[in-house]
Amino acid sequence: KTPLHSISGCAELMLSGIVKEEDKPRFLKQIYDEAQHMVSLIENIIKISRLDEEADALPVDKVDLYEIAQTVIEQLGNKAASRGIVMDLSGTHVTIKGVKTLLYEMIYNLCDNAIKYNRRDGEVEVTVSRGRNGRAVVSVADTGIGIAKEDQERIFERFYRVDKSHSRETGGTGLGLSIVKHGAILHDAKIKIESTLGTGTKIILEF
Ligand code: ADP
């Protein structure tokens, strides 16, 4: 509820008439940003509660993971470019049976994090392939801040964020990886993580 406190606090100050004219745009921007943050939080909470309660009702189709990765990279192109980050996709078309919207959401969240927690002018490498055991594999690797060993398990918990101040700056809700975890359970997929602080992170989904 932190964004709501901030929205209500800013609005209250403006209503009381003590905010100077030249400060008003700053207050309005804060109200807008915090409202947007609240919108993403609520959207993510709705997604998670649907996964909890309606998972059985989700439509299962044949889904090409490579095509999904392509769409995600297109969607995130501007965000990556604004930070000088280059996104690259390699591998082959791999089809699995799954819930298309959820698989999109999972790959989107991983790529979005790979941009948010990257360095300026960094790289994101997405690979879709079939492992030797025949399993479909999607991996997302970045050249970012990395995740300490003790946080690597916890980042999949709801609302867990390693660096709260940084996550606020990047508009994080702490729910993205929780959705990835739910999606992985639903698709009977394993999540592996390889990460070194200051060097980068690779998250692998093995279906
Ligand atoms: P958020 O909305 O905060 O990004 P997530 O559930 O997606 O929430 O991720 C939880 C936390 O895990 C993030 O706040 C961040 O601290 C850490 N994290 C996730 N992905 C990465 C990554 N690729 N590199 C470094 N840290 C990451």
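Coordinates for the structure precede this section.
Residues numbered from 1 in each chain as written. Predicted model: local features only at pLDDT ≥ 70, side-chain atom pairs only at ≥ 80, totals over all residues. Heavy atoms only, no water.

## A word on helix 2 (residues 24-54)
When the terminal C-alpha atoms of helix 2 are compared, their 44 Å separation across 31 residues agrees well with the 45 Å that a helix rising 1.5 Å per residue should span. Buried within helix 2 are the following residues: Phe27, Ile31, Glu34, His37, Met38, Leu41, Asn44, Ile48 and Leu51. (Helix = DSSP H or I, 4+ residues; strand = E, 2+ residues; numbered from the N terminus. Expected span 1.5 Å × (residues − 1). Buried < 20%, exposed > 50% of the residue type's maximum accessible area, 1.4 Å probe, protein only.)

## Some thoughts on the site of the ligand
In the region of the ligand, 19 residues are neighbours, and Asn113, Tyr117, Asp142, Thr173 and Leu177 sit closest. In the model, an oxygen atom of the ligand is placed 2.7 Å from a nitrogen or oxygen of the Thr173 main chain. Here Gly176 contributes a backbone N or O atom positioned 3.2 Å from an oxygen atom of the ligand. Within the complex, the protein chains bury 97% of what would otherwise be the 530 Å² of accessible surface of the ligand. Those elements giving two or more residues to the shell around the ligand turn out to be helix 5 (100-116) and helix 8 (176-186). Looking at the shell around the ligand residue by residue, the class counts come to 8 nonpolar, 8 polar and 3 charged. (Near = heavy atom within 4 Å. Polar contact = N/O pair within 3.5 Å; in protein donor to acceptor, adjacent residues only side chain to side chain. Areas by Shrake-Rupley, 256 points an atom, 1.4 Å probe, with all protein chains shown as cover. Nonpolar A, V, L, I, M, F, W, Y, C, P; charged D, E, K, R; others polar.)

## Let's talk about the pairing of strand 4 (residues 123-130)
Across 6 bridges, strand 2 (residues 86-91) lies against strand 4 in parallel orientation. Paired with Leu89 across the bridge in strand 4 is Val126. Alignment of strand 4 against strand 5 (residues 136-142), held across 7 bridges, turns out to be antiparallel. Bridging from a neighbouring strand, Ser129 pairs with Val137 of strand 5. Hairpin geometry of strand 4 and strand 5 is characterised by an intervening segment of 5 residues between the two adjacent antiparallel strands and by a positive phi of about 85° at Gly134. (Pairing = 2+ DSSP bridges.)

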